[in-house]
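Inside the fold
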Amino acid sequence: MTISVRTFLSVVLSTALIIILSACGGSDNSSTQGAAAEQQTFKWKLVTTWPKNFPGLGVAPENFATLVDRMSNGRLKVKVYAAGEIVPALEVFSAVSSGTAEMGHGAAYYWKGKIPAAPFFTSVPFGLNAQEMNGWLHHGGGLELWRELYAPFNLVPMAGGNTGIQMGGWFNKELNSIDDFKGLKMRIPGLGGEVFTRAGGTAVNMPGGEIFTSLQTGVIDAAEWVAPYNDLAFGFHNVAKYYYYPGWQEPGPTLELIINKSAYDSLPDDLVAIVEAAARTINQDMLDKYTSRNNAALIELEKSGVELRRYPDEVIKRLRETAQQVMAENVANDAMFKKIYTSYDAYRQQVIAYHKISEEAYFDIRND
Ligand code: CA
């Protein structure tokens, strides 16, 4: 009995020793691999569609680079380039797709000519606001669809900022009916541009840095950009008189960070987590900044003589009907547009149902 207990204990102990030794061996291996990954450093270029250090939009990728540097203890260095430094603003997508730069920061709807469904990931006229958009992207299947849409271009997209609802735009004449859009040439990208063209105007897509001169020289008659905090920085009040609201064309626009797929795949897992976490941080931080700064900028614009105008109800009604036609036609013409619309619209309907008794109901009681 004593012997058998001793034998049993000896078997148990030697088994335990083997387990401990093999566990140590495994741990040694993984810590060696971990140490190798920890020593590997990456230097990336991030090209943007914005002027250098432009408030909000241009600062966001700089903040991303700083965060990633600190979180990775300098293992991932990202250098940010303004529009035109390596590639022009509207060539950011191609540059990252081909690997000229590892990353880009811009807006998905700039690539509508290449990818009809891309505007879903910026903003849809009369669609989701910022809060709702973040919900769809991160907990409603939106991000997965965005990655599927960009996969053929060797790109991994993620949200990289949101301006909140924008303004309707800058005009030099008053808009009393939908007929006042006739003959107007306006900088208004994405699906908003399609709606504007359908309403009788001519939509133009151009990067922010070209808008002021184009308005000043009459290349365009009107322009939408962002909201007071950004529009003041570009000085549009010096070349346009009427500032219309609300921004029916962009109710909650998301900015995008795009990463070349091969570069993304080359990162160890912890750096991937750092990149994703830093993107989520700048995505929320941009919205916080616009929310905090817009009203002070609006007061300054009004002091300089800008006349604030609300779009007439009849104009809004016609634009909303036109937007529905534009969406239906795109659904009929493009399979990915239809697939993404199905997800977006189902999410939109349920979020509207709940926001009627939450956000909207609260705004009503607060403001009365
Ligand atoms: Ca805009």
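All values reported here derive from a predicted model rather than from experimental measurement. (Residues numbered from 1 in each chain as written. Predicted model: local features only at pLDDT ≥ 70, side-chain atom pairs only at ≥ 80, totals over all residues. Heavy atoms only, no water.)

Time to look at helix α10 (residues 269–303). Each full turn of the α-helix corresponds to 3.6 residues, which orients residues three or four apart in the same direction. Taking 1.5 Å per residue as the helical rise, α10 with its 35 residues ought to reach 51 Å, and the 52 Å between its terminal C-alpha atoms agrees with that figure. A maximum bend of about 40° is found in α10 at R293. (Helix = DSSP H or I, 4+ residues; strand = E, 2+ residues; numbered from the N terminus. Expected span 1.5 Å × (residues − 1). Bend = angle between axes of the 7 residues up to and from the residue.)

Six octahedrally arranged donors around a metal ideally form angles of 90 or 180 degrees; four tetrahedrally arranged donors ideally form angles of 109.5 degrees. Donor atoms from the polypeptide that coordinate the calcium ion comprise Q166 (OE1), E224 (OE), E224 (OE), W225 (O), E250 (OE) and E250 (OE), at 2.2 to 2.8 Å from the metal. Around the calcium ion sit six donor atoms, and with donor-metal-donor angles ranging over 47 to 167° the site reads as irregular. One chain supplies every donor to the calcium ion, and in sequence these donors are spaced Q-x57-E-W-x24-E. With Q166 in the loop between β4 (155–162) and β5 (169–171) and E250 in the loop between β9 (242–245) and β10 (254–260), this pair connects stretches of sequence that are 84 residues apart. Judged by relative accessible area, which is 5%, Q166 ranks as buried. Taking relative accessible area as the criterion, E250 reaches 3% and is therefore assigned buried. (Donors = N, O, S within 2.8 Å, 3.2 Å for Na, K, Ca; no water. Tetrahedral: all angles 85-135°; square planar, octahedral: opposite > 155°, others 65-115°. Buried < 20%, exposed > 50% of the residue type's maximum accessible area, 1.4 Å probe, protein only.)

Further remarks concern the sheet that holds β4. With mixed pairing, the five strands of this open sheet are ordered in space as β2-β1-β3-β10-β4. The outermost strands of the open sheet, each flanked by one partner alone, are β2 (76–81) and β4. Neighbour-to-neighbour, the strand axes of this sheet turn through a mean angle of 25°, independent of strand direction. Most of the contacts of helix α4 (residues 130–139) go to β4, to which it runs at about 155°, and overall it touches β4 and β10. Along the sheet, helix α5 (residues 142–150) contacts β4 and β10; its crossing angle with β4, the most-contacted strand, is approximately 135°. (Pairing = 2+ DSSP bridges. Axes fitted to C-alpha atoms, helices over the stretch in contact; angles between N-to-C directions. Contact = heavy atoms within 4.5 Å.)

Our focus in this paragraph is the pattern of salt bridges. What the rule picks out here adds up to 17 salt bridges. D179 is paired through a salt bridge with K182; the nearest N and O atoms lie 3.0 Å apart. A residue is classified by how much of its surface remains accessible, and D179, at 46% relative accessible area, is partly exposed. Each of E174, K241, E307 and R309 takes part in one network of salt bridges that share partners. (Salt bridge = Lys/Arg side-chain N within 4 Å of Asp/Glu carboxyl O.)

As a further point, take the side chain of T163. For T163, the location among the structural elements is in the loop between β4 and β5. Accessibility expressed as a relative area gives 3% for T163, which makes it buried. Here Q166 takes part through its side chain, which lies 3.1 Å from a polar atom of the side chain of T163. (Polar contact = N/O pair within 3.5 Å; in protein donor to acceptor, adjacent residues only side chain to side chain.)

In short, geometric facts, not functional conclusions.
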